Amino acid sequence: MKSEELFREIGFIDDHLIEAAGNCEKVKGKRGISKKWIAALVACLVLYSSTSTALLAMEYYKHQNKELYIRYLTAEDIKLEPSEEYDAEKFLRALKSDNDEHVYIAINRLVECFNDPKLRIKALNELKPFVANDNKKIADAAAFTIDVLSKSYQSPNIYKLANGSMIFTLFNHYSDYGSQNVLWRIKDNVLKAYLSFSEPSMYIKELIPSPDRKLVAVVTCSNKSEFIEIINVEEGRVSPELVESARVKFGAQNRLDTWIVSDHENYSFTNNIEWKDNDTLEFEGSLAYQDTEIIKNVIVAYEFSKKDIEVTELNQVKR
């Protein structure tokens, strides 16, 4: 929005004030009113108007940016304050906060009341009004938490596996990059944090169960790289990280230097991830070499049971 349009919308300086400033010369001949006095008066009015305008502008932009935006949630952020043990009452109190981010965090953390019947019912009652909240992110979080605590399990963000257990993330799609980097599981009516991912896997981008729902491909990312691991949730078996594995193997096959940097970023990305059968995951990868000077587009196929990975340059694949 141009400054002129903003001034017009929120009221910058009154037209009469501008007119008075422009007509100073016309009043200098009138008895008892000097040009300097009028200039001082106009300056005071401009200062008052500018101060009022700043306050109006703050309110205007506050309204324009009503949608909650969170770039990244650290482990300390989601505690709201340092705490070694889970404190449901703290998060119930936080629902009354004027800070939307605290409310959003509290709503998600209240999922952890699941294992305590009394707290679960209390949280459900406190959360119901938030489903109609004007802030979509808060409303969506409340609907998801209620879905879990009520044991309805209708949300598309809950993935039901072959053994009857369920997995999901909290803070679903809170960032442009994805969800919180912790995988939660409900098994035998008990909730627990099943697996977490350390940096640079800062977000869970996607969960893709195999057709028979025995395996799950977990796509994680930072703002520089993407990663894929396959998990057998029931048996607790996890594949190697597949994007870096593909990058190293393809680099060795084609005599490309494959430096592993200290922050473990791969600067590579994936596309068209799909299960070819119950055991084989296939995806397209854009693999980076020599500080991203070279990008190779490949097809990667990983067979979980055999721990076998195949990497083929995309232009050599026969379809």
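Residues numbered from 1 in each chain as written. Predicted model: local features only at pLDDT ≥ 70, side-chain atom pairs only at ≥ 80, totals over all residues. Heavy atoms only, no water.

Draft legend 1. Structural context of the overall build of the protein chain. Across its full length, the protein chain carries 9 helices and 13 strands. For the protein chain, the accessible surface area stands at approximately 18,500 Å², while carbon and sulfur atoms represent 51% of it. (Helix = DSSP H or I, 4+ residues; strand = E, 2+ residues; numbered from the N terminus. Areas by Shrake-Rupley, 256 points an atom, 1.4 Å probe, with all protein chains shown as cover.)

Draft legend 2. Quick peek at the pattern of salt bridges. The final tally for this structure, using the stated rule, is 11 salt bridges. The residue Lys205 makes a salt bridge to Glu226 at a minimum N-O spacing of 2.5 Å. Taken as a pair, Lys205 in strand E6 (residues 203-209) and Glu226 in strand E8 (residues 226-232) lie far apart in primary sequence, 21 residues in all. Residue classification places Lys205 among the partly exposed positions, given a relative accessible area of 36%. Exposure remark for Glu226: the relative accessible area of 7% places this residue in the buried category. (Salt bridge = Lys/Arg side-chain N within 4 Å of Asp/Glu carboxyl O. Buried < 20%, exposed > 50% of the residue type's maximum accessible area, 1.4 Å probe, protein only.)

Draft legend 3. Broad picture of helix H7 (residues 117-127). Taken residue by residue, H7 has Arg120, Ala123, Leu124 and Leu127 as its buried positions. Buried residues in H7, looked at end-on, bunch into an arc of 105 degrees, giving them a common side. If you follow the buried residues of H7, they end up packed against helix H5 (88-94), helix H6 (100-109) and helix H8 (136-149). Its side-chain oxygen at 3.1 Å from the backbone nitrogen of Lys118, Asp116 defines the N-terminal cap of H7. (Arc of directions from axis to C-beta. Contact = heavy atoms within 4.5 Å. Polar contact = N/O pair within 3.5 Å; in protein donor to acceptor, adjacent residues only side chain to side chain.)

Draft legend 4. Inspection of the packing of H7 against H8 at higher detail. The contact between H7 and H8 brings their axes to 10 Å, and the two run at 150 degrees. Classified by the interaxial angle, the pair formed by H7 and H8 is roughly antiparallel. Crossing handedness for the pair H7 and H8: left-handed. Contacts between H7 and H8 involve Arg120, Ala123, Leu124 and Leu127 from the first element and Ala142, Thr145, Ile146 and Leu149 from the second. Class assignment for the residues of the contact of H7 with H8 results in 6 nonpolar, 1 polar and 1 charged. (Axes fitted to C-alpha atoms, helices over the stretch in contact; angles between N-to-C directions. Parallel < 35°, antiparallel > 145°, perpendicular 65-115°, else oblique. Left-handed = near helix turned anticlockwise from the far one by under 90°. Nonpolar A, V, L, I, M, F, W, Y, C, P; charged D, E, K, R; others polar.)

Draft legend 5. Summary view of the sheet that holds strand E1 (residues 159-160). If you walk across this open sheet you meet the 4 strands as E1-E2-E4-E5, and the pairing is antiparallel. Sheet topology places E1 and strand E5 (190-196) at the edges, where each strand pairs with a single neighbour. In this structure, strand E4 (residues 182-187) lies alongside E5, joined through 6 bridges in antiparallel fashion. For Leu183, the partnering residue across the bridge sits in E5 and is Leu195. (Pairing = 2+ DSSP bridges.)

Draft legend 6. The side chain of Thr270, seen in detail. Within the secondary structure, Thr270 sits in strand E10 (residues 269-275). Polar side-chain contacts of Thr270 include one of 2.7 Å to the side chain of Glu226. For Thr270, the contacting residues outside a window of four places in its chain are Glu226, Ile228, Val243, Phe283, Glu284 and Gly285.

Draft legend 7. Quick look at the sheet that holds E10. The sheet built from 4 strands is open, its strands ordered E10-E11-E12-E13 with antiparallel pairing. Edge positions in the sheet fall to E10 and strand E13 (308-313), since each of these pairs with one other strand and no more. The mean inter-strand angle of the sheet, taken between neighbouring strand axes irrespective of direction, is 20 degrees. Pairing between strand E11 (residues 280-289) and strand E12 (residues 294-303): 10 bridges, direction antiparallel. If you follow Thr280 over to E12, its bridge partner there is Glu303. Lying over the sheet, helix H9 (residues 242-253) contacts E10, E11, E12 and E13, oriented at roughly 65 degrees with respect to E11.

Draft legend 8. Structural detail: unusual backbone geometry. Cis geometry marks the peptide bond from Glu199 to Pro200, where omega comes out at 10 degrees. Checked against the element boundaries, Pro200 lands in the loop between E5 and E6. For Lys151, which is not glycine, the phi dihedral falls at a positive 60 degrees. Topologically, Lys151 is positioned in the loop between H8 and E1. Here Lys151 falls in the partly exposed class, since its relative accessible area comes to 31%.

Draft legend 9. Here's a closer look at the environment of Lys306. By the element assignment, Lys306 lies in the loop between E12 and E13. Remark: the alpha-carbon pair of Lys306 and Thr280, spanning 26 residues in sequence, is separated by 9.7 Å.

Draft legend 10. Just the environment of Asn172, in detail. Looking at the secondary structure, you find Asn172 in the loop between strand E2 (166-168) and strand E3 (179-180). Taking the relative accessible area as the measure of exposure, Asn172 reaches 17% and is therefore buried. Along the backbone, Asn172 and Asp140 are 32 residues apart, and their C-alpha atoms lie at a distance of 8.9 Å. Within polar-contact distance, the side chain of Asn172 engages the side chain of Thr169 at 2.7 Å.

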